[in-house]
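Commentary on secondary and tertiary structure
Residue strings, one per chain:
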Amino acid sequence: LPWDSKASTNLGYGFVNFVTPEAALDAQASLDGQTWRLVKSNKSIKLVPANRQGLEDNVRQYLSNTSHTDKKFRPVVIIDEQEMDIHDAAVIL
């Protein structure tokens, strides 16, 4: 989740890159409108398509606009069921 280091909290949204449009629609159908069960919050889950689509495009955008060098604030990238650093993902994409 994007992090606000001054407030020491997440910004309240995140990004998931689904492998297929069908997987995205399935997630939206099951999660949209649900409440968070693991945290105390009155907010509900809202899944919407991002303006930027595709793993390669998102990795490129992140690397061109980020100032986060601390690994704990980097996105998790999983390709072929293998978790990797976003810089390593950029090399193979």
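Fair warning: this is a prediction, and the values are worked out from it, not measured in the lab.

What about the nonpolar core?
Val59, Tyr62, Val77, Ile79, Met84, Ile86 and Ala89 together form the largest nonpolar core, which totals 7 residues. Listed by contribution, the elements that provide at least two residues to this core are helix 2 (55-65), strand 3 (77-79) and helix 3 (86-92).

Regarding the side chain of Asp85
Relative to the elements of secondary structure, Asp85 occurs in the loop between strand 4 (82-84) and helix 3. Its relative accessible area of 16% is what places Asp85 among the buried residues. Within the local environment of Asp85, its side chain forms a polar contact with the side chain of Arg74, the two groups lying 2.5 Å apart. With residues near it in sequence (within four places) discarded, Asp85 still touches Lys71 and Arg74.

Details of a nonpolar patch on the surface
Taken together, Leu11, Tyr13 and Phe15 make up a surface patch of nonpolar side chains, about 340 Å² in accessible area. Among the structural elements, Phe15 can be located in the loop between strand 2 (9-10) and helix 1 (21-31).

Considerations on the confidence of the model for the protein chain
In this model, the protein chain carries a mean pLDDT of 86, and residues with pLDDT of at least 70 account for 98%. Strand 1 (residues 3-4) is the least confidently modelled element of the protein chain, averaging 79 in pLDDT, while helix 1 averages 94, the highest of any element.

Details of unusual backbone geometry
One non-glycine residue, Ser8, lies in positive phi territory at about 55°. Along the polypeptide, Ser8 turns up in the loop between strand 1 and strand 2. A residue is classified by how much of its surface remains accessible, and Ser8, at 52% relative accessible area, is exposed. Positioned with a positive phi, Glu81 is a non-glycine residue whose angle comes to about 65°. Residue position: Glu81 is located in the loop between strand 3 and strand 4.

Conventions and cut-offs
Residues numbered from 1 in each chain as written. Predicted model: local features only at pLDDT ≥ 70, side-chain atom pairs only at ≥ 80, totals over all residues. Heavy atoms only, no water. Core = buried A, V, L, I, M, F, W, Y, C linked by side-chain atoms within 4.5 Å. Buried < 20%, exposed > 50% of the residue type's maximum accessible area, 1.4 Å probe, protein only. Helix = DSSP H or I, 4+ residues; strand = E, 2+ residues; numbered from the N terminus. Polar contact = N/O pair within 3.5 Å; in protein donor to acceptor, adjacent residues only side chain to side chain. Contact = heavy atoms within 4.5 Å. Patch = residues over 30% accessible without salt bridge, like charges linked within 9 Å, V, L, I, M, F, W, Y side chains within 5 Å. Areas by Shrake-Rupley, 256 points an atom, 1.4 Å probe, with all protein chains shown as cover. Salt bridge = Lys/Arg side-chain N within 4 Å of Asp/Glu carboxyl O. pLDDT = per-residue confidence, 0-100.

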